[in-house]
Amino acid sequence: MTPEQFQDVGLRMLGEIDGYLRGVEHMPVQPATRPGDVASAIGRLITEEPGHAGLWDELIDQIRTTVIPNSMHWQSPTFFGYFPCNTSAPAILGELLCAGLGGQGMLW
């Protein structure tokens, strides 16, 4: 993956996350999904290679149309489970930075 492709896909993924966080309160917290529904809807497996731009478009589309609607939405303000909301926008950015730097701060 070139730096330009990384930036393009990364910005698109951030856009998807932003859209999710803006709309999660309007989604049902628990989908009516049965085991195997998501796997059969996705179809073919994603390869380990980054692929061309069209494959990334397909992946983002599958996330938007299949993965998100069939997920438990812990981020929903109407989720009253055992655990509180587990992510915030600043936490997501912090995770992104940690993943990008790849630092091993084991003894800090």
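This text follows the structure it describes.
Residues numbered from 1 in each chain as written. Predicted model: local features only at pLDDT ≥ 70, side-chain atom pairs only at ≥ 80, totals over all residues. Heavy atoms only, no water.

Now, about the side chain of T66: what can you tell me, with residues and values included?
Assignment of secondary structure puts T66 in helix α3 (residues 53-67). Ignoring sequence-local partners within four residues, the contact set of T66 consists of V38, A41, I42 and D61. (Helix = DSSP H or I, 4+ residues; strand = E, 2+ residues; numbered from the N terminus. Contact = heavy atoms within 4.5 Å.)

Tell me what's going on with the pattern of salt bridges, and back it up with residues and numbers.
Under the defined criterion, the tally for this structure stands at 6 salt bridges. Note that R12 is salt-bridged to D8, the shortest N-O span being 3.3 Å. Here R12 and its partner D8 are both found in helix α1 (residues 3-23), 4 residues apart, which amounts to about one turn of the helix. Residue classification places D8 among the partly exposed residues on the basis of a relative accessible area of 40%. In this structure, E16 engages R64 in a salt bridge whose closest nitrogen and oxygen atoms are separated by 2.6 Å. Of this pair, E16 sits in helix α1 while R64 sits in helix α3; the two residues are 48 residues apart in sequence, bridging distant segments of the chain. Here the salt bridges do not stand alone but share partners, grouping D8, R12 and D57 into one network. (Salt bridge = Lys/Arg side-chain N within 4 Å of Asp/Glu carboxyl O. Buried < 20%, exposed > 50% of the residue type's maximum accessible area, 1.4 Å probe, protein only.)

How would you explain the side chain of H73 if you had to name every residue and give the values?
Assignment of secondary structure puts H73 in the loop between α3 and α4 (89-101). Within the local environment of H73, its side chain forms a polar contact with the side chain of Y20, the two groups lying 2.9 Å apart. There is a polar contact of 3.2 Å between the side chain of H73 and the backbone oxygen of S71. Residues within four places of H73 in sequence aside, it is in contact with Y20, V24, M27, P28, V29, I68 and F79. (Polar contact = N/O pair within 3.5 Å; in protein donor to acceptor, adjacent residues only side chain to side chain.)

Any details on the packing of aromatic side chains? Residues and values, ideally.
Counting across every chain of the model gives 1 aromatic pair. Relative to F79, the ring of W74 lies with its centre 5.1 Å away and its plane at 35°, an arrangement referred to as tilted. What makes W74 partly exposed here is its relative accessible area of 34%. Under the relative-accessibility criterion, F79 is labelled buried at 18%. (Phe/Tyr/Trp six-rings, centres within 6.5 Å; stacked < 30°, edge-to-face > 60°.)

Kindly report on a nonpolar patch on the surface, identifying the contributing residues and their values.
Nonpolar side chains collect at one region of the surface, where L11, L14, I17, L21, L93 and L96 lie side by side and expose about 510 Å² of accessible area between them. Elements represented by at least two residues in the nonpolar patch include exactly α1 and α4. In terms of residue count, the dominant contributor to the nonpolar patch is α1 (4 residues). Its location among the elements puts I17 in helix α1. Residue I17 is classed as partly exposed on the basis of its relative accessible area of 35%. (Patch = residues over 30% accessible without salt bridge, like charges linked within 9 Å, V, L, I, M, F, W, Y side chains within 5 Å. Areas by Shrake-Rupley, 256 points an atom, 1.4 Å probe, with all protein chains shown as cover.)

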